[in-house]
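Per-entry structural report
The chain contents come next:
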Amino acid sequence: TVVALHRAVHLGRTMPDCRILLATFSEPLAHALRINVKRLIGNEPRVLERLEVHAMGALGLRLHQAQLGPVRLASSEDVNTLLREAARAAGDHTFSPLFLRTEWDQVVDAWQLGTWEAYRDVQRLGRRTRLPQARREVLWAIFEKVRAGLKARGLMTESAVFQALANAQSDRAPAFDAAVVDEAQDISIAQLRFLAALGGSRPNALFFSGDLGQRIFQQPFSWKAL
């Protein structure tokens, strides 16, 4: 965190007229970063006004609102309801509600899988249950109905918000010229895709600070697969 703070302030001082993002995965951590940024910057208002500190979730909603339009986030209960309905419609199967929800959260929604082929071929890192193709076909029939249900209700998951932002970056000027991410081990797959699109190929555009041994909120995944 100390390294991330100093990196963000250094970029703010050495990149005149550039907008710098310092991000982390939760609002309490973002609040603490804001306090420490002000301490580091001291009496340099021009640096402070160009360095923004945000929690990733709040940043995603803000940018989607500004660039793509309003967002209605799906609640946990919205997803559970759609999963129950889709599971009943799928007929006889042995998948528990808990398995369906974690498979949705950690695989389908996390990776923003939109086709049967994508789900068939995805590496389910961290998932202990092996799934031959026939079982994946049953599961995809369920998840496809969930995706359709969310779309019909005008709802998006947080992962869908960041995937939409990632897809849109090539058509617009980046919201930030450089991003520094603290606690990067708990950033989601879709958030990383967005950050990669934000940074493009510009030098010094991305800096990640974290410790994979302290991962709390994300399943393991390969950064190479992004």
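Preceding block: the structure.
Residues numbered from 1 in each chain as written. Predicted model: local features only at pLDDT ≥ 70, side-chain atom pairs only at ≥ 80, totals over all residues. Heavy atoms only, no water.

**A look at helix H4 (residues 56-67)**
- The first and last C-alpha atoms of H4 sit 16 Å apart over 12 residues, in line with the 16 Å expected at 1.5 Å per residue.
- The inward-facing, buried residues of H4 contact strand S1 (20-24), strand S2 (51-55), helix H9 (158-168) and helix H10 (189-199). (Helix = DSSP H or I, 4+ residues; strand = E, 2+ residues; numbered from the N terminus. Expected span 1.5 Å × (residues − 1). Contact = heavy atoms within 4.5 Å.)

**A look at the nonpolar core**
- Judged by nonpolar contacts, the single largest core of 27 residues is most densely connected at Leu83, Leu100, Trp104, Tyr119, Leu139 and Phe143.
- Among the elements of the structure, helix H5 (76-89), helix H6 (97-108), helix H7 (116-121) and helix H8 (133-152) are those that each provide at least two residues to this core.
- Broken down by element, the residue count for this core peaks at six residues, all from H8.
- Here Leu83 is in contact with Leu100, Arg101, Trp104, Ile142, Phe143 and Val146, once residues within four sequence places are set aside.
- Judged by nonpolar contacts, the second largest core, of 22 residues, contains Val161, Leu165, Ala184 and Ala190. (Core = buried A, V, L, I, M, F, W, Y, C linked by side-chain atoms within 4.5 Å. Buried < 20%, exposed > 50% of the residue type's maximum accessible area, 1.4 Å probe, protein only.)

**Considerations on the environment of Leu11**
- Its location among the elements puts Leu11 in helix H1 (residues 2-14).
- Taking C-alpha positions, Leu11 is 9.0 Å from Leu51, a pair spaced 40 residues apart along the chain.
- Discounting chain neighbours no more than four positions away, the residues touching Leu11 are Ile20, Ala178, Val180 and Asn204.

**A look at the packing of aromatic side chains**
- Per the counting criterion, the structure on display carries five aromatic pairs.
- By the ring-pair criterion, three or more aromatic residues cluster together here, those being Trp104, Tyr119, Trp140 and Phe143.
- The side chain of Arg19 reaches across the aromatic face of Phe176, ending 4.8 Å from its centre.
- Against the face of Tyr119 rests Arg136, its NZ or CZ located 5.7 Å from the ring centre. (Phe/Tyr/Trp six-rings, centres within 6.5 Å; stacked < 30°, edge-to-face > 60°. Lys NZ or Arg CZ within 6 Å of the ring centre and 35° of its normal.)

**Focus on the side chain of Arg124**
- You can see Arg124 is positioned in the loop between H7 and H8.
- Look at Arg124 and you get buried, because its relative accessible area is 10%.
- Residues within four places of Arg124 in sequence aside, it is in contact with Phe99, Glu103, Val107, Thr129, Arg130, Leu131 and Arg136.

**With respect to the pattern of salt bridges**
- Tallied over the entire structure, the rule returns 11 salt bridges.
- Between Arg34 and Glu27 there is a salt bridge, with its nearest N and O atoms 2.9 Å apart.
- The salt bridge partner of Glu103 is Arg124, with a shortest N-O separation of 2.8 Å. Within this pair, whereas Glu103 is found in helix H6, its partner Arg124 is found in the loop between H7 and H8, the two being separated by 21 residues in sequence.
- Classification of Glu103 by relative accessible area gives buried; the value is 0%.
- Salt bridges sharing common partners tie together Arg19, Glu52 and Arg62. (Salt bridge = Lys/Arg side-chain N within 4 Å of Asp/Glu carboxyl O.)

**Quick look at the packing of H4 against H10**
- Between H4 and H10, the shortest axis-to-axis distance is 12 Å and the interhelical angle comes to 60°. Taken together, the axis directions place H4 and H10 in an arrangement best described as oblique. Between H4 and H10 the crossing geometry is left-handed. Across from Met56, Gly57, Leu59 and Leu63 in H4, the residues of H10 making contact are Gln191, Phe194 and Leu195.
- Residue classes in the contact of H4 with H10 are distributed as five nonpolar, two polar and no charged. (Axes fitted to C-alpha atoms, helices over the stretch in contact; angles between N-to-C directions. Parallel < 35°, antiparallel > 145°, perpendicular 65-115°, else oblique. Left-handed = near helix turned anticlockwise from the far one by under 90°. Nonpolar A, V, L, I, M, F, W, Y, C, P; charged D, E, K, R; others polar.)

**Some words on the pairing of strand S3 (residues 178-182)**
- Buried residues dominate S3, accounting for five of its five residues.
- For S1 and S3, the ladder comprises four bridges, and the chain directions are parallel. Looking at the pairing, Ala23 lines up with Val181 of S3.
- As judged from the four bridges shared by S3 and strand S4 (residues 206-209), these two strands associate in the parallel manner. If you follow Val181 over to S4, its bridge partner there is Phe208.
- After leaving S3, the chain enters H10 and then returns to the sheet as S4, a path that is right-handed. (Pairing = 2+ DSSP bridges. Right-handed = clockwise from strand over helix to strand, strands pointing away.)

Function-wise, these values are silent; they only describe arrangement.
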